[in-house]
Amino acid sequence: MSKDKQFVTEITPQGEDFSRWYIDVIKKADLMDYSPVRGCIVFKPDGFEIWEHIQEEMNRRFKETGHRNAYFPLFIPESFFQKEKEHVEGFNPELPWVTEAGGDKLEERLAIRPTSETMIGHMYSKWIQSYRDLPVLINQWANVVRWEKRTLPFIRTSEFLWQEGHTAHENEAEAREETMQMLEIYRDFVEGYLAIPVITGQKTPSERFAGAVDTYSIEAMMKDGRAVQAGTSHYLGTKFAVAFEIQYLSRDNNLEYVHTTSWGTSTRMIGSMIMVHGDDRGLALPPKVAPTQVIMIPIGPPKTREAVIARTDELFKELKSAGIRVRVDDRSDVTPGWKFNEYEMRGVPVRLELGPRDMENGVCVLVSRISGEKKIVQQDRLVEEVETMLLQVHNEMFERALKFREEHFYSVETLDEMKAAMEEKRGFALAGWCGDDACEAQVKEETGATSRNIPFEPGETKKTCICCGKPAQHTVVFAKAY
C-alpha cells in the first residue's frame, strides 16, 4: 500500500515490514512501553486489561474443573535444580541468579523463577502422604524470568506473566487425562475467546519440555506465516516425584510415587492475538477480551450537541448495565473522522455513531471494525443489536484467520519442496518424518523451520520422511517460529 493511501501514517504497512508494523501498532495503540531493564516491558492499562480478561475467563474454566489458585516463591534454591538433571539442563542458559543480599553473599545461589516444577515438587513432597490427599490440582498466576537473548514485546521477553498449573495423581491414566483435559481447555479458550485457530498435537522429543515424558501444544499461525506456541500441557510421569520424593501410601498400603503434570499459557497470547488479527489500520481486538467493546461517538453541530450527548449518555447506561464494556468520546476539539481512525487503530470492535437526525428517527449507527459494515439499528433494540454485532465480529475474525491459515498451509513430500515453500512463501508445511533426530535437525538447518507438533488431525498421513526417504513414523507440522 502506498504511503498516500495508508490508513494511519505512523504505522508501517504489514507487507513492507511485518516486525516494524508490530512494534508500531503496540506502541501507537498504547498497550506497552519499554522499561529501563533489557528485555522487560511495562504493561500500560489497555495492555494489562486484555490480560485481566484472559485471566478472568481462564480462571473460570480452571475452577470449573476443580483447580484452585495458590502462590509459590519467586526464588528457588540452586540445589532444587540439581535434583532433575534434564530440567536444569533445559533452563540453565536462561537462568538469572541471586548471589548476595543485604550486602552478604548467600550460602546458596537462588534462581529467579523460570518455572516452578522444582519448588512445587518440594512442597508437594510435604503435603502428600496418602492417596486421600490426591489429586492435587493447583494453578499459579505469576511472573517468570528467562534471560532471552532476542526479545519481542509480549511474544518473548525476559520477564513475562503467565499461569502454570501443577497437578499430582495416583496413576498414569489420571495424570494423562488431566494433561489432555487442560490442552483442550487451552484450545477451546484460544479459539473461542481470542478467535485464533490452532493446531493441536504432540511435540517431538527434541521440542518437548525439559523433564517431561510427553509435551502437547497448540500452535497458531501469525500473518507473517510464522508460528507461535500458544499453550502447552505436559505429562511429567514420575520424574519429578522421584527427584523430590513425592510419595503416597496407596489404597493397597504400598508406598508409591505420584504422577504429575504441568501446563501453562502466557502473555504471548496477547502478542499472538495482535499478529493474527491486526491489519494496516492497526489493532483488531477480539470482542471478548477488548478493554473497550463499543466506542460511542456523538456527532452534530454545536446547537444540537447538548441534546445528542444527553441521549448518548442514556444509551451508554443501557449498554453498561447489560455488561458491555463501553466508552463515550464526546470531545469537541477533534473531528469525528479523527476519532473514527483513532478507535479503528486501537482495535475497538464496534463503533456507535449518534447524530441529531438519528435522534429524530430513534436510531443509531453501528460500525464493525472487521468488516466495516454500517448498520442502522433501532435505539430500543440497541443492547440486542450490539451483542449480535460483537458476536459477528468474533466469528468473522476467526473465519478470516482460519482462511489465512488454510491459504498458507502446504503439504510437502521432500526437503527441496519444503525449502522452496519456506523461501518463496510464508506459512506451515505438513511433512513426513521418520522419527530420527538427525532428520529433524537437518530440516531446521536447511530451512530454518522447526517441528511445531505432530497434529492429532493432520488431514492426511504422510508415507515417507522428507529427509531420508524412509517410511514416515509421524506426520509433522513444520514452520519458522517466534
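**A closer look at unusual backbone geometry**
Okay, so step 1: For the bond from Leu134 to Pro135, the omega torsion is -5°, close enough to zero to count as cis.
Okay, so step 2: The topology assignment puts Pro135 in the loop between α5 (117–127) and β7 (136–145).
Okay, so step 3: Phi angles above zero are rare outside glycine, and Phe154 is one such case at about 70°.
Okay, so step 4: Here Phe154 lies in the loop between β7 and β8 (159–169).

**What to know about the nonpolar core**
Okay, so step 1: Ranked by size, the top nonpolar core spans 51 residues in total, and within it Tyr22, Ile54, Phe154, Leu194 and Ile274 carry the most contacts.
Okay, so step 2: Secondary-structure elements contributing two or more residues to this core are α1 (18–28), α2 (45–64), α6 (172–193), β10 (214–221), β11 (227–237) and α8 (268–277).
Okay, so step 3: With seven residues, α6 is the largest single contributor of residues to this core.
Okay, so step 4: Beyond its immediate stretch of four places on either side in the chain, Leu194 contacts Ile54, Phe189, Met269, Met273, His277, Pro286 and Val289.

**A closer look at the sheet that holds strand β19 (residues 374–378)**
Okay, so step 1: Reading across the sheet, the five strands line up as β16-β15-β17-β18-β19 and stay open at both edges, with mixed pairing between neighbours. Of all the strands in the sheet, just β16 (326–328) and β19 have a single pairing partner and so form its edges. Averaged over all pairs of adjacent strands, the angle between their axes in this sheet comes to 25°, without regard to strand direction.
Okay, so step 2: The pairing of strand β15 (residues 294–298) with β16 spans three bridges and is parallel. Its bridge partner lying in β16, Met296 is registered against Val328.
Okay, so step 3: Sheet strands touched by helix α12 (residues 382–407): β15, β17 (350–354), β18 (363–368) and β19. Its angle to β18, the strand with the most contacts, is close to 10°.

**Things to note about the packing of aromatic side chains**
Okay, so step 1: Counted under the stated rule, the structure contains 15 aromatic pairs.
Okay, so step 2: On the numbers, 6.2 Å between centres and 75° between planes, the contact of Phe81 with Trp97 is edge-to-face. A residue pair is termed long-range when its members are at least 10 positions apart, and Phe81 in helix α3 (residues 78–82) and Trp97 in strand β5 (residues 97–101) qualify at 16 residues.
Okay, so step 3: Residue classification places Trp97 among the partly exposed positions, given a relative accessible area of 22%.
Okay, so step 4: With 5.9 Å between their ring centres and 45° between their planes, Tyr124 and Trp127 make a pair best called tilted. Taken as a pair, Tyr124 and Trp127 lie in helix α5 at a separation of three residues, close to a single helical turn.
Okay, so step 5: Looking at Tyr124, the relative accessible area reads 2%, which means it is buried.
Okay, so step 6: Ring-pair connections join several aromatic residues into one group, and the members of that group are Trp51, Phe62, Trp141, Tyr186 and Trp263.
Okay, so step 7: Between Arg109 and the ring centre of Trp97, over which it is positioned, the NZ or CZ distance is 4.1 Å.
Okay, so step 8: Above the face of the Tyr482 ring, Arg226 is positioned so that its terminal group lies 5.7 Å from the ring centre.

**What to know about the layout of surface pockets**
Okay, so step 1: What the largest pocket holds in volume is close to 1700 Å³.
Okay, so step 2: In this structure, the largest pocket is lined by 50 residues; those nearest its centre are Glu148, Arg156, Gln229, Arg268 and Tyr482.
Okay, so step 3: Looking at side-chain class alone, the lining of the largest pocket contains 14 nonpolar, 19 polar and 17 charged residues.

**What to know about the confidence of the model for the protein**
Okay, so step 1: Per-residue confidence for the protein gives a mean pLDDT of 95, with 97% of residues at or over 70.
Okay, so step 2: Considering only residues more than four positions removed or in separate chains, one finds that residues 1–6, a stretch of pLDDT under 50, has seven contacts.

**A look at empty space enclosed by the protein**
Okay, so step 1: According to the stated counting rule, one finds four cavities of 30 Å³ or more in the structure shown.
Okay, so step 2: The calculated volume of the largest cavity comes to roughly 90 Å³.
Okay, so step 3: Taken together, Ala29, Leu31, Asp46, Leu283, Leu285, Pro291, Thr292, Arg327, Tyr343, Arg346 and Val348 form the lining of the largest cavity.
Okay, so step 4: In the lining of the largest cavity, the residues fall into seven nonpolar, one polar and three charged.
Okay, so step 5: What the second largest cavity holds in volume is close to 80 Å³.
Okay, so step 6: In terms of lining residues, the second largest cavity is bounded by Glu117, Ile120, Gly121, Tyr124, His166, Thr167, Leu236, Phe240, Ile246, Thr260 and Thr261.
Okay, so step 7: Of all the secondary-structure elements, those providing two or more residues to the lining of the second largest cavity are α5, β8 and β14 (259–266).
Okay, so step 8: In terms of residue count, the dominant contributor to the lining of the second largest cavity is α5 (four residues).
Okay, so step 9: The class makeup of the residues in the lining of the second largest cavity is five nonpolar, five polar and one charged.

**Describing the side chain of Thr450**
Okay, so step 1: Tracing the chain through its elements places Thr450 in strand β22 (residues 450–455).
Okay, so step 2: With relative accessibility at 13%, the residue Thr450 sits in the buried group.
Okay, so step 3: Only 2.8 Å separates the side chain of Thr450 from the side chain of Arg452, close enough to count as a polar contact.
Okay, so step 4: Once residues lying within four places of it in the same chain are set aside, the contact partners of Thr450 are Glu207, Lys444, Val477, Phe478, Ala479 and Ala481.

**Considerations on the pairing of strand β9 (residues 198–202)**
Okay, so step 1: Most of β9 is tucked away, with four of its five residues classed as buried.
Okay, so step 2: As defined by bridge partners, β9 adjoins β10 across five bridges and the pair is classed as antiparallel. Bridge pairing in β10 places Val198 opposite Ala220.
Okay, so step 3: Two elements, β9 and β22, share two bridges in a ladder whose sense is antiparallel. Along β22, the bridge assignment pairs Gln202 with Ile454.

**With respect to the environment of Met273**
Okay, so step 1: Secondary-structure assignment places Met273 in helix α8.
Okay, so step 2: According to the relative accessible area criterion, Met273 is buried, its value standing at 0%.
Okay, so step 3: Note: C-alpha distance between Met273 and Val190 (83 residues apart in sequence) is 9.2 Å.
Okay, so step 4: Excluding residues that lie within four positions of it along the chain, Met273 makes contacts with Ile50, Leu194, Ile196, Gly278, Leu285, Pro286 and Val289.

**A word on helix α9 (residues 302–321)**
Okay, so step 1: The end-to-end C-alpha distance of α9, which contains 20 residues, comes to 29 Å, matching closely the 28 Å that a straight helix rising 1.5 Å per residue would cover.
Okay, so step 2: Among all positions in α9, only Thr304, Val308, Ile309, Thr312, Leu315 and Leu319 are buried.
Okay, so step 3: On its buried face, α9 is in contact with β15, β16, β17, α11 (356–361) and α12.
Okay, so step 4: Downstream of α9 by one or two residues, Gly323 has phi in the positive range, about 85°.

Reading guide: rules and limits
- Residues numbered from 1 in each chain as written.
- Predicted model: local features only at pLDDT ≥ 70, side-chain atom pairs only at ≥ 80, totals over all residues.
- Heavy atoms only, no water.
- Helix = DSSP H or I, 4+ residues; strand = E, 2+ residues; numbered from the N terminus.
- Core = buried A, V, L, I, M, F, W, Y, C linked by side-chain atoms within 4.5 Å.
- Buried < 20%, exposed > 50% of the residue type's maximum accessible area, 1.4 Å probe, protein only.
- Contact = heavy atoms within 4.5 Å.
- Pairing = 2+ DSSP bridges.
- Axes fitted to C-alpha atoms, helices over the stretch in contact; angles between N-to-C directions.
- Phe/Tyr/Trp six-rings, centres within 6.5 Å; stacked < 30°, edge-to-face > 60°.
- Lys NZ or Arg CZ within 6 Å of the ring centre and 35° of its normal.
- 1 Å grid on protein atoms, 1.4 Å probe; cavity = no way out; pocket = protein on both sides within 12 Å on 5 of 7 lines; lining within 4 Å.
- Points joined across faces, edges and corners; volume = space filled by probe spheres on them.
- Nonpolar A, V, L, I, M, F, W, Y, C, P; charged D, E, K, R; others polar.
- pLDDT = per-residue confidence, 0-100.
- Polar contact = N/O pair within 3.5 Å; in protein donor to acceptor, adjacent residues only side chain to side chain.
- Expected span 1.5 Å × (residues − 1).

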